[in-house]
Amino acid sequence: MKSRFLALVLALCTVLSLAVALPQSAPSVAAAFTGEVDRQVTQLHDGVTYTYVAVNENSPYGTNKFNYVEFDLSQRDLYVDLLQGGQYLVSTKYLLNMTQDYNQSSGKTALASINGDLWMTSVHSNSNVTTSTLMVPRGMNIRDGEILCSPQIDQEATYASNGEGPAQFWAFGVTDGYEALIGRPWCDFTVKNNTKGTSFAADGLNRLPAPDAIVIFNENCYSTNYALSDAVEIVIDGVTGRFEHNGLVTGKVTAITSGGKAALQEGRVILSARGSKTSTLTNNFSVGDTVSISTSLYDINGDSRWKTVTTAIGGHMIPLHNGSSTGITDGTRYPASIVGVKNDGSVIFLQNDGRQYTSATNYYSRGLCIS
């Protein structure tokens, strides 16, 4: 029997929908929300329930359509996985296509999938930061215990041309004990030159090569980091180990070059620095030096369980924390992907169609205000 997965999918698309063929719906049940005009409930698997709800203008949300899946990981025959649409951190595939590819290639069956995270775009990857748009997730991403990218660092967000500056990103994670968490994970990276006996801190993993930062890149990013020509870069080859909590990555310096000249490839790590941080690299490395990079993963809020997280995906804004409003006042309506953990530990994936209309005044589904 195939393993059954609930798939958190990191996808670069703006049309958000549940991306599975759902079985025949059960009969409608009694309305639960003010303004509710339709509700369909389907049992996807033991302990996994899919619900469709439509509400009209009399609801607190206006006209909207919702899809949500609720499940309990304590069953132990359910897993949450992080999917990519291709070799790198961000893909332009639609969620449906990513899920279909996963079902065909993995030997597993996705019961449901949902978009997650936001991605850096041209307003972040502008001419102050990169030579071309480098799309990476804004929050933490972990797959099978490997940290694919650490959260956004202040240096890259400072140069956003849309005014969206530094922020601490929340994330949804699942531990090796099948426990779902919401938190603010962070990583500390310590780079050590074992040959010279020196060490220093790096700012992030697979982030944008921003001014006044030291960023670690590996093959999960792209074939290039599009660094500007002022970047000093240390090329480390023969790499062993993974970026994970208490992990150790080791290799040997094979080149010292300037921004973007060395290709990212399997078995290679590149340390890239700009601005005030370039001297840290130029003063600490020579070709032939042996290097190690240690990683520590923790939660800014102090939740020690994040050290055991094997799957994680970033989120942009958190409207509720421990049952209380976080005070967000944004009144713009968005299509939304929402992940929540209930008091009993069960998880909800909720998707809301947004900005869907048949005319300027006739909405099919307005979308949600984060407030």
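Please read all numbers here as calculations on a predicted model, not as lab measurements. (Residues numbered from 1 in each chain as written. Predicted model: local features only at pLDDT ≥ 70, side-chain atom pairs only at ≥ 80, totals over all residues. Heavy atoms only, no water.)

**Comments concerning the pattern of salt bridges**
Argument step 1. Going through the model one piece at a time under the given rule, you end up with twelve salt bridges.
Argument step 2. Among the salt bridges present, the one from Arg268 reaches Asp237, with a minimum N-O distance of 2.7 Å. Within this pair, whereas Arg268 is found in strand β17 (residues 268–273), its partner Asp237 is found in strand β15 (residues 232–240), the two being separated by 31 residues in sequence.
Argument step 3. The class of Asp237 is buried, set by a relative accessible area of 17%.
Argument step 4. The shortest N-O distance in the salt bridge between Arg305 and Asp303 comes to 2.7 Å.
Argument step 5. Shared partners join several salt bridges into a network, and the residues in it are Glu179, Asp303 and Arg305. (Salt bridge = Lys/Arg side-chain N within 4 Å of Asp/Glu carboxyl O. Helix = DSSP H or I, 4+ residues; strand = E, 2+ residues; numbered from the N terminus. Buried < 20%, exposed > 50% of the residue type's maximum accessible area, 1.4 Å probe, protein only.)

**Some remarks on the sheet that holds strand β23 (residues 336–341)**
Argument step 1. On the basis of which strands lie adjacent, the open sheet formed by five strands has the order β2-β3-β4-β24-β23 and antiparallel pairing. In this open sheet, the two edge strands, each paired with only one partner strand, are β2 (36–45) and β23. On average, adjacent strands in this sheet sit at an angle of 15° to one another, irrespective of strand direction.
Argument step 2. Note that strand β4 (residues 64–71) and strand β24 (residues 347–352) share six bridges and pair antiparallel. Bridging across to β24, Phe66 finds its partner in Asn352. (Pairing = 2+ DSSP bridges. Axes fitted to C-alpha atoms, helices over the stretch in contact; angles between N-to-C directions.)

**As for the side chain of Gln152**
Argument step 1. Here Gln152 lies in the loop between β8 (146–149) and α2 (154–157).
Argument step 2. With a relative accessible area of 1%, Gln152 lands in the buried category.
Argument step 3. Engagement of the side chain of Gln152 in a polar contact is seen with the side chain of Arg138, the distance being 2.7 Å.
Argument step 4. In contact with Gln152, not counting residues within four places along its chain, are Met120, Arg138, Ala157, Gly165, Pro166, Ala167, Phe169, Trp186 and Arg207. (Polar contact = N/O pair within 3.5 Å; in protein donor to acceptor, adjacent residues only side chain to side chain. Contact = heavy atoms within 4.5 Å.)

**Notes on the environment of Gly173**
Argument step 1. Along the chain, Gly173 turns up in strand β9 (residues 170–175).
Argument step 2. Spatially, the C-alpha atom of Gly173 lies 7.9 Å from that of Gly183, the residues being ten residues apart in sequence.
Argument step 3. Here Gly173 is in contact with Glu179, Ala180, Leu181, Trp306, Val309, Thr311 and Ala312, once residues within four sequence places are set aside.

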